[in-house]
Structure formats: C-alpha cells, structure tokens
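These are the residues of each chain, in order.
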Amino acid sequence: MKVVFCHGLEGSPQGRKAQALRAAGLDLLAPEFTGMNLAARVATLLPQLAAHDGCVLVGSSYGGLTALCGAILHARAGGHVHGLVLCAPALIVHEPPADALDLAPPCPTIAIHGRHDELIPVAAVEAWAAAHPRVRLEVVDDAHVLAHSLDRIVAATRELLAG
C-alpha cells in the first residue's frame, strides 16, 4: 500500500520525516508543495489520492492540514484513504478550503503532537481530537518539528498500513 507524505511549510519531499519513512522501507510518494498555499496544495494532492486510492496519508504541520482537507474532499468524491497520520497538524490555520470544511477525519487517524510545540498549541489539537472519535492523539515530549519522534511517526504509519 502506498504512503503519501505532505510536507510542511518549511519542509520538503526530501525532509527528515520523508527520509525516515523511506528508510523504514515504506512505499512513499511525497509531492512537492513548496511555495503553495493550502488551496493549491490540496489541488495538487487530490489527483495523487485518486491515483493511489486506499493509501495511508501522512502530513506534517501545514502538510497535516493539507492531508486532512485532501482526505475529506477525496472521500466526498467517493475515494478512500485508509488512514491518516497527522504530525503537529496546523489546525489553527483558517484559509480555504479548511475554513469551509468540517475537519472530521473520514478514516482512522493518529495525531502526534509535541507537548512543547512552539507554533501550534497542543490544546488546539487536544480539543479537535476530543471532538472526533476516529482520532487517537499521542502527545509526545517534543517540539513542533517532532525531530525526536521520527520512530513514533514511522510506527504510527505502519500501524495504519497493517490495520
């Protein structure tokens, strides 16, 4: 099963999280989103989801919001995402299309968020997770980039691939 990775604003398809997923032997597709706003990222992601229906989608920060919006819109179009791993998702960003969507994940979701996140308050993700029963939140002893949680991100991705 394919894993699709959505990098954050300052990340890249060759960043630490993508490298960790590749090093774990996962079949990874990582679209290039550099310089794109959320609407453009989601528009770029949707054809990838159509081509790899049933994938596990992993997103980091702004890429986490991209992944969530993409999964919701893909499901609305009749597609299926097998699972979501959202790493420090930027749920506090309110721009199209996120501002017009109910951000309820359409599939099992594991959110991994750093207790010491300096950009996205953990309370925002805790409140979102509490409102959505398909979300399992793991608060880790880490900062926004989750540099010390790469093994946990890989393990969560493997868990959803197996589920």
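Residues numbered from 1 in each chain as written. Predicted model: local features only at pLDDT ≥ 70, side-chain atom pairs only at ≥ 80, totals over all residues. Heavy atoms only, no water.

**A closer look at the layout of surface pockets**
Then, in step 1: Volume-wise, the largest pocket comes out at about 450 Å³.
Then, in step 2: Around the largest pocket, the lining comprises 21 residues; the ones closest to its centre are Gly 8, Leu 9, Glu 10, Gly 11 and Ser 61.
Then, in step 3: It is helix H1 (residues 16-23) that provides the largest number of residues to the lining of the largest pocket, a total of 3 residues. (1 Å grid on protein atoms, 1.4 Å probe; cavity = no way out; pocket = protein on both sides within 12 Å on 5 of 7 lines; lining within 4 Å. Points joined across faces, edges and corners; volume = space filled by probe spheres on them. Helix = DSSP H or I, 4+ residues; strand = E, 2+ residues; numbered from the N terminus.)

**A few points about the packing of helix H2 (residues 38-51) against helix H3 (residues 62-76)**
Then, in step 1: Running from N to C, H2 and H3 point in directions that differ by 55 degrees, and their axes come no closer than 9 Å. It follows from the interaxial angle that H2 and H3 lie oblique. Here H2 and H3 pass one another in a crossing that is right-handed. For the pair formed by H2 and H3, the contact residues are Leu 38, Arg 41, Val 42, Leu 45, Leu 46, Leu 49 and Ala 50 on the first element and Tyr 62, Gly 63, Leu 65, Thr 66, Ala 67, Cys 69, Gly 70, Ala 71, Leu 73 and His 74 on the second.
Then, in step 2: Partitioning the contact of H2 with H3 into residue classes produces 12 nonpolar, 4 polar and 1 charged. (Axes fitted to C-alpha atoms, helices over the stretch in contact; angles between N-to-C directions. Parallel < 35°, antiparallel > 145°, perpendicular 65-115°, else oblique. Left-handed = near helix turned anticlockwise from the far one by under 90°. Contact = heavy atoms within 4.5 Å. Nonpolar A, V, L, I, M, F, W, Y, C, P; charged D, E, K, R; others polar.)

**Concerning helix H5 (residues 150-162)**
Then, in step 1: Taking 1.5 Å per residue as the helical rise, H5 with its 13 residues ought to reach 18 Å, and the 18 Å between its terminal C-alpha atoms agrees with that figure.
Then, in step 2: Among the residues of H5, Ile 153, Val 154, Ala 156, Thr 157, Leu 160 and Leu 161 are the ones counted as buried. Down the axis of H5, the smallest arc covering the buried residues is 160 degrees, so these residues share one side. Within H5, the exposed residues directed more than 90 degrees away from the buried face are Asp 151 and Ala 162.
Then, in step 3: Buried residues in H5 make contact with strand S1 (3-6), H1, strand S3 (56-60), strand S4 (83-87) and strand S5 (109-114). (Expected span 1.5 Å × (residues − 1). Buried < 20%, exposed > 50% of the residue type's maximum accessible area, 1.4 Å probe, protein only. Arc of directions from axis to C-beta.)

**What to know about the pairing of S1**
Then, in step 1: Side-chain alternation along S1 places Val 3 and Phe 5 on one buried face and Val 4 and Cys 6 on a second face that is also buried.
Then, in step 2: In terms of strand pairing, S1 meets strand S2 (residues 28-29) through 2 bridges, oriented parallel. Within the sheet, the bridge partner assigned to Val 4 lies in S2 and is Leu 29.
Then, in step 3: Here 4 bridges tie S1 to S3, and the two strands are oriented parallel to one another. Of the residues in S3, the one forming a bridge with Val 4 is Leu 57. (Pairing = 2+ DSSP bridges.)

**Details of the environment of Leu 137**
Then, in step 1: Here Leu 137 shows up in strand S6 (residues 135-140).
Then, in step 2: Residue Leu 137 is classed as partly exposed on the basis of its relative accessible area of 25%.
Then, in step 3: Taking C-alpha positions, Leu 137 is 5.9 Å from Ile 110, a pair spaced 27 residues apart along the chain.
Then, in step 4: Among all residues touching Leu 137, those that are not within four sequence positions of it are Ala 111, His 113, Val 125, Glu 126 and Ala 129.

**A word on H3**
Then, in step 1: Helix length check: H3, at 15 residues, gives a terminal C-alpha distance of 21 Å against a target of 21 Å (1.5 Å per residue), a fit within 8%.
Then, in step 2: The element H3 is extensively covered by neighbouring structure, given that 12 of its 15 residues are classed as buried.
Then, in step 3: On the buried face of H3, the contacting elements are S1, H2, S3, S4 and helix H4 (122-131).
Then, in step 4: Note on H3: the residue one or two positions beyond its end, Gly 78, has a positive phi of about 95 degrees.

That is the geometry; function is a separate question.
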